[in-house]
Amino acid sequence: MKRVILTGAVALALTACQTAGETFDAVNPFSDSVSIETRLIDQYLAEQGLDDADFPVPEAARRTPDLLPPGTGTEVAYADHYGVLEIPAAERELNAILQRLQATIPGTPPPARVYIEPGVGFSARAEKSGAIFVSFGGLSGTSPQGESDEADLNDDRLAFLIAHEYAHILLDHFGDRETEESMLEFAKLARMGLVARNKLDEDRDDDDLARNMRAPNVALAVSEATMLRSWGRSQEFEADLLAHDLLAAAGYNRRESSNAITRIRDVKDVVQQVPFFNSEEFQSIAAQALQGGMDKQNLVERGVDAGFVLFGQLSRELFGKEHPSQQDRLDQLKLYEERQYREVERAYVARFTRSRSDSVDRLAADSDFQGWKAAYDTTFQAVALTERSKVAGVQGSDGSMAEADAPPILDPAFEPTFKRARAALQRLGQEDPFLRERFAELREHERKHDTAIANLDLVLEAKGERTPLKTLLELVNRNLDKGDVARAGEAIQLAVLNYPDAQAWYPNKIAVELLSGQRDQAQRTFDSCQINGTVTTTVACREVARGKGPGFNGKGQDAPPGLLKQGGSVPGRGETNQGGGFDNLINAFTGT
């Protein structure tokens, strides 16, 4: 597939995937996404100029590929997640699985390395750098509900999880990000033009600009969603099927591919939690937009009518709407297995391959790994117990009941369980920002606000410059809610200093500046957010500019007026903005 950005207009053209012949298309319900006429590995090898007869490399000729140098690609884990965990035994086992898969591929497959990142559930992700991140919950069997399903885990399912992510790297499924960046540049230009027009035209007020800003934002959101829709389906199918090929070649039980997919949380479980997706208006807009049945002007008007704020905030979630469901993936895999491994006899595929648990068994005997497992299991058991809490109520003069401002009545098992979780993490001698944030939430549930913040401070003390951005922003918000603007300011300074290219800190920085009386600086930050931010970020910045969010709830101090000029301030003549002078900006967008 290729995507082309058309210069001169904010337009996107998608060329369709090459699919199988008409005869086979008639029986393949997924032919709009991926061809299964040949093995996916054959398609990859053809693109590399290699002979498919050379796959898999004979066992006697296989060599263990070199991994990426340690730490390569981990910066993204700190910028958008909770960093990585150092669990040597687990890293060795996972990278050995990766190398076993790589060794079957002729030529020089791209280098990679598996890291373990904090989190629960059977999940993983890949980055263009070659870094693959596997959630600790995928190894330990820890679920968000505090239940452990480690009995269902084996090497073959872990191998599929890693092979699926490595397939994204092999097939270079990262071009969409480059296109999104190009589209974001178009949106920036459109926003800059609107801000400039508003500055020059005294008849245009802030509300007028806010309405006009919706056009590039909605167009960007829908364009992103449209692209992700078609690339999401095909990429996930391709990664599943290529992973299936690699499992078979490496001697794993390929029948475990479907079991691994079943363990991955179905995307519909996430999407169904978003009410906006279930509205008739959204379904109508999404259907017409994604099928190309709506012109741009109509799309913008109806997007605004449906509620721009929600549409903007959730635009990326539309990826999930068209991301293949678990059942789609299972059905496609079954069709592929029949076509490529049952109708075709392959000498390297044994008639029967038993599932293995060698790596899983070694981890079960590793004390360090089991220490981490204990910390995760007990933490999420404590989280689950909070759902049994009872909130005390007070009766008003009119007889109505209201929630009392007092700690909830906790389940008797909560305190000993939470105590075990804290002790387990302390024994590890390594901070986990993800678990500490859960600890903070549990302390907040107990109404112990200072202790909640203290848990996040421990991460900052231990990690320093490597403190994840998520943790820093959580510190900002909790300190703002407490009324400690100075401490919030220290945290936001670290966020901006350590993650200058990130966008997530824009709304938090505006809040800190408003609440500390730096109104002019808040206005400049807000203007920068309007021009440089993604759709979701700009929406969040506008909410803060209206005086909404942490710190604007009356706790600790009276919040100053939060309203900022939606039109913002643009550079004066002779100053520059994004590399161009003000005169050039006006000439480009107003024709003056």
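So, how was this worked out
- Residues numbered from 1 in each chain as written.
- Predicted model: local features only at pLDDT ≥ 70, side-chain atom pairs only at ≥ 80, totals over all residues.
- Heavy atoms only, no water.
- Salt bridge = Lys/Arg side-chain N within 4 Å of Asp/Glu carboxyl O.
- Helix = DSSP H or I, 4+ residues; strand = E, 2+ residues; numbered from the N terminus.
- Buried < 20%, exposed > 50% of the residue type's maximum accessible area, 1.4 Å probe, protein only.
- Expected span 1.5 Å × (residues − 1).
- Polar contact = N/O pair within 3.5 Å; in protein donor to acceptor, adjacent residues only side chain to side chain.
- Phe/Tyr/Trp six-rings, centres within 6.5 Å; stacked < 30°, edge-to-face > 60°.
- pLDDT = per-residue confidence, 0-100.
- Contact = heavy atoms within 4.5 Å.
- Axes fitted to C-alpha atoms, helices over the stretch in contact; angles between N-to-C directions.
- Parallel < 35°, antiparallel > 145°, perpendicular 65-115°, else oblique.
- Left-handed = near helix turned anticlockwise from the far one by under 90°.
- Nonpolar A, V, L, I, M, F, W, Y, C, P; charged D, E, K, R; others polar.

Engineer: Honestly, the pattern of salt bridges in this entry has me stumped. Any pointers?
Structural biologist: One side chain can pair with another of opposite charge once the charged atoms of both are near each other. Counting across every chain of the model gives 26 salt bridges. A salt bridge links R438 to E441; the shortest N-O distance between them is 3.0 Å. Pair noted here: R438 and E441 are both in helix α18 (residues 433-445), with a separation of three residues, about one helical turn. Of the residues examined, R438 reaches a relative accessible area of 9% and is grouped as buried. Looking at E441, the relative accessible area reads 36%, which means it is partly exposed. Here E446 ties to K448 by a salt bridge, and the two come within 3.8 Å at their closest N and O atoms. A residue is classified by how much of its surface remains accessible, and E446, at 8% relative accessible area, is buried.

Engineer: Before we go on, may I ask you to explain helix α6 (residues 155-170) in this structure?
Structural biologist: One turn of the α-helix equals 3.6 residues, which is why residues spaced by three or four share an orientation. Along its 16 residues, α6 runs 21 Å from first to last C-alpha, staying within 8% of the 22 Å computed at 1.5 Å per residue. A large share of α6 lies buried, amounting to 16 of its 16 residues. N-cap assignment for α6: the residue whose side-chain oxygen lies 3.2 Å from the backbone N of D156 is N154.

Engineer: Please explain the packing of aromatic side chains as it appears in this structure.
Structural biologist: Any two aromatic rings considered together are summarised by their centre-to-centre distance and by the angle between their planes. Enumeration according to the criterion identifies 13 aromatic pairs in this entry. A ring pair is formed by F136 and W372, whose centres lie 6.5 Å apart and whose planes are at 55°; its orientation type is tilted. Here F136, found in helix α5 (residues 136-140), pairs with W372, found in helix α16 (residues 367-386); they are 236 residues apart in sequence, far enough to count as distant. The two residues F136 and W372 agree in class, both being buried. For the ring pair Y336 and Y341, a centre distance of 6.3 Å and an interplane angle of 65° mean the geometry is edge-to-face.

Engineer: Quick question: what am I supposed to make of the confidence of the model for the chain here?
Structural biologist: Any segment with low pLDDT has predicted coordinates that should not be analysed in fine detail. With 64% of its residues at a pLDDT of 70 or more, the chain shows a mean pLDDT of 75. When pLDDT is averaged over each element of the chain, helix α4 (residues 88-102) comes out on top at 98 and strand β2 (residues 11-14) at the bottom at 24. Taken together, the stretch residues 218-231 has pLDDT below 50 and engages in 49 contacts with residues farther than four places along the chain or on a different chain. Across residues 567-592, confidence stays below pLDDT 50; counting only partners more than four residues off in sequence or on other chains, it has 42 contacts.

Engineer: Sorry if this is basic, but what is going on with helix α2 (residues 40-47) here?
Structural biologist: Taken residue by residue, α2 has L40, I41, D42, Y44 and L45 as its buried positions. At the C-terminal side of α2, G49 shows a positive phi close to 75°.

Engineer: Looking at this model, I keep getting lost on the environment of L98. Mind explaining?
Structural biologist: Its location among the elements puts L98 in helix α4. Exposure remark for L98: the relative accessible area of 0% places this residue in the buried category. Linking L98 and F160, residues 62 residues apart in sequence, is a C-alpha distance of 9.9 Å. Apart from residues lying up to four places away in sequence, L98 is in contact with L67, A112, R113, V114, I132, I162 and Y166.

Engineer: What am I meant to see in the side chain of S140 here?
Structural biologist: Mapped onto the elements of the fold, S140 is located in helix α5. One polar contact links S140 to T142, side chain to side chain, over a distance of 2.8 Å.

Engineer: Can you walk me through the packing of α18 against helix α19 (residues 449-463) in this structure?
Structural biologist: To characterise two packed helices, one gives the angle between the axes of the helices and the distance between these axes. Packing of α18 against α19 leaves a shortest axis separation of 7 Å and a crossing angle of 165°. Classed by the angle they form, the pair α18 and α19 counts as roughly antiparallel. Considering the relative orientation of α18 and α19, their crossing is right-handed. For the pair α18 and α19, contact is made by P433, R436, E437, F439, A440, R443 and E444 and by H449, T451, A452, N455, L456, L458, V459 and K463, respectively. Of the residues in the contact of α18 with α19, the class split is seven nonpolar, three polar and five charged.

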